[in-house]
Amino acid sequence: MKADLAERFRPVAPPQVLDRVYSDDQYNRLVGVVQDHGPWPMILAHHFKSPEEVVATSSGEVPEGVTLTWDPFLNPVFRGYLARGGVCLYPEIEDCYHNPEFLAKVRAYWRAQYAMPESMLFNISGPCGGGGSPHVDGTRFRGLNLDSSPVWLLNIMAKSGLFKRWQAKKAQVIAWYYRGRIGGSFTYWPDGPQNPPQQLKAPMWGKAVVVENEMMYHTAEMNGPSAMRKPEGLAYESRIGKDMSGPGWQIMNNDQVIQQIPEEEVRFLVHWGAQIFMDYDELKVSLDHSDDLSIDQAFDMLIADLRARGETFEVPTDPISDRAFIRLLTRAYDLGKPTIFPPDPVEDMIAA
Ligand SMILES: [Fe+2]
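Now for a look at the structure at hand. From a predicted model like this one, the values you see are computed outputs, not experimental measurements. All residue numbers here refer to positions counted from 1 along the written sequence of the relevant chain. In view of the model being predicted, local features appear only for residues whose pLDDT reaches at least 70, and side-chain atom pairs are presented and counted only at 80 or more, with totals across whole chains, interfaces and linings using the full set of residues. Each side-chain value is worked out from all heavy atoms of the structure, with water and hydrogens disregarded.

### Comments concerning the nonpolar core
Where we set the bar: Buried Ala, Val, Leu, Ile, Met, Phe, Trp, Tyr and Cys residues form a nonpolar core when they are joined through side-chain atoms within 4.5 Å. Whether a residue is buried, partly exposed or exposed follows from its accessible area with a 1.4 Å probe, protein chains only, as a fraction of its type maximum: under 20%, in between, or over 50%, in that order. Here a residue-residue contact requires only that any non-hydrogen atoms of the pair lie within 4.5 Å.
The biggest cluster of nonpolar side chains holds 52 residues, and the ones touching the most others in it are Tyr-22, Ile-93, Val-106, Met-120, Ile-124, Phe-268 and Trp-272. The residues contacting Ile-93, other than those within four sequence positions of it, are Arg-29, Leu-30, Val-33, Leu-82, Cys-88 and Met-120. The next biggest cluster of nonpolar side chains, apart from the first, holds 31 residues, and it includes Ala-6, Ile-156, Phe-299 and Leu-328.

Below is the structure:
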């Protein structure tokens, strides 16, 4: 059963590697927005309200009677949104978002007639232990998306395979800027989580992939000197911002700086995402909402499926925040994690 669920997690086509997808001018404007509008919260703080939700998204089970804390999940990777839906939030980078070259690339990737920019965000970090465990990105369904539903629920829905009729077809162009000497590659499992991964090797400056990250397990490789990967005092509330007095960046708890990050250790990723419509009929049913899914319908279908699988449980009054029910869903639709990894990066032991 686990293997059957896992077998479905392959992208629609093999990822395509590209080079220099943004011009120097576009890159400078993207970084300018990040410098001018920070500080920025951790990825974790954007998406999760409890540690159980993290587990539900990344896969795995929480043992009975165990109370989770944030600490094992704290990883100093920070995020901000550059666009929401059809709107670019910063006019100076509108050309990066409404990007005809990217649209052509993702249409070709899917062999589809239409594509629409849907999201643009960045991740920025200094040395860290990787961008979380291998995961698939939150998908959307006709009627349910990140604005109306938590990412863990959307991922459980994707893992269950019950909602394909409503699941959006998506593609991303993801670009990296990282000149550090230790790690920082992009690791991905294009042949499913039970098969060996591939890596887009760092250092990389403007290198990118065209992918379907909702259906492909992936993660960032750990990067930077190991002694700097988890700064003392790192908390759920920590933020990153430009160090206005020098070339680097800094992680802060309110006004207190807990880590200075030299420019050469900064890893910056720009994630551009589009929704794909194979043809005019598929576009139309999305626009006229004639076949939308509701959150109640989604929970009804999950509950019916759990019953069909022989699970016994009480139907929660508030399933979206019921920790026991989240644990049940996590266990029932656990695909298993990838088990084959590239070797860890080797630290350069030569003294500078
Ligand atoms: Fe991801």
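### Some points on the pattern of salt bridges
The cut-off we apply is this: The rule for a salt bridge is simple: a side-chain nitrogen of Lys or Arg has to be within 4 Å of a carboxyl oxygen of Asp or Glu.
This structure, assessed with the given rule, holds 16 salt bridges. Where Arg-10 meets Glu-7, a salt bridge forms, and the shortest distance between an N and an O atom there is 2.9 Å. By relative accessible area, which is 44% here, Glu-7 ends up partly exposed. For Asp-288, the salt bridge identified is with Lys-284, shortest N-O distance 3.5 Å. Through salt bridges that share partners, Glu-118, Arg-140, Lys-170 and Glu-214 make up one connected network.

### A short note on the coordination of the iron ion
Stated formally: Note that water is not among the atoms used; donors are N, O and S atoms within 2.8 Å of the metal (3.2 Å for Na, K and Ca), so sites may look incomplete. Comment: elements are numbered from the N terminus, with helices defined as DSSP H or I runs of at least four residues and strands as E runs of at least two.
Surrounding the iron ion are the protein donor atoms His-135 (NE2), Asp-137 (OD) and His-218 (NE2), which sit 2.1 to 2.2 Å from the metal. The motif formed by the donor residues of the iron ion, counted along the single chain, is H-x1-D-x80-H. Taken together, the positions of His-135 in the loop between β5 (114-125) and α7 (151-160) and His-218 in strand β10 (residues 217-220) put the pair 83 residues apart, joining distant regions of the chain. An identical accessibility class is assigned to His-135 and His-218; each is buried.

### Quick notes on the packing of aromatic side chains
Under the convention used in this document: Stacked, tilted and edge-to-face pairs are distinguished by plane angle, under 30 degrees for stacked and over 60 for edge-to-face with tilted covering the rest, among Phe, Tyr and Trp rings (Trp via its six-membered ring) whose centres lie within 6.5 Å. Cation placement over rings: the criterion is NZ of Lys or CZ of Arg within 6 Å of the ring centroid and within 35° of the ring normal.
Enumeration over the complete set of coordinates arrives at 18 aromatic pairs. Aromatic side chains Tyr-22 and Phe-102 sit 5.4 Å apart centroid to centroid with 65° between the ring planes, which places their arrangement in the edge-to-face category. Here Phe-102 lies in helix α6 (residues 100-110) and Tyr-22 lies in the loop between β1 (16-18) and α2 (24-37), a separation of 80 residues in the sequence. By relative accessible area, which is 3% here, Phe-102 ends up buried. Aromatic pair Tyr-27 and Phe-268: ring centres 6.4 Å apart, planes at 65°, arrangement edge-to-face. With Tyr-27 in helix α2 and Phe-268 in strand β14 (residues 267-277), the pair connects residues that are 241 residues apart, well separated along the chain. Given the relative accessible area of 15%, Tyr-27 is considered buried. In this structure an aromatic cluster arises from ring pairing among Tyr-27, Trp-40, Phe-122, Tyr-177, Trp-205 and Phe-268. When the ring centre of Trp-205 is taken as reference, the NZ or CZ atom of Arg-179 above it lies at 3.7 Å.

### Digging into the packing of α7 against helix α9 (residues 295-308)
The following threshold applies: To get an axis, a line is fitted to the C-alpha atoms, and for a helix only the part in contact is used. The angle between two axes follows their N-to-C directions and goes from 0 to 180 degrees. Working rule for angles: under 35 degrees goes down as roughly parallel, over 145 as roughly antiparallel, 65 to 115 as roughly perpendicular, anything else as oblique. Each crossing gets its handedness from the near helix: less than a right angle anticlockwise from the far helix is left-handed, clockwise is right-handed. In the scheme used here, Gly and all other residues not listed as nonpolar or charged are polar, with Ala, Val, Leu, Ile, Met, Phe, Trp, Tyr, Cys and Pro taken as nonpolar and Asp, Glu, Lys and Arg as charged.
Two numbers describe how α7 lies on α9: the axes approach to 12 Å, and their chain directions differ by 45°. Between α7 and α9, the crossing angle belongs to the class labelled oblique. Between α7 and α9 the crossing geometry is left-handed. Each of Leu-153, Ile-156, Met-157 and Ser-160 in α7 lies in contact with α9, whose residues at this interface are Ile-295, Ala-298, Phe-299 and Leu-302. For the contact of α7 with α9, a count of residues per class yields seven nonpolar, one polar and no charged.

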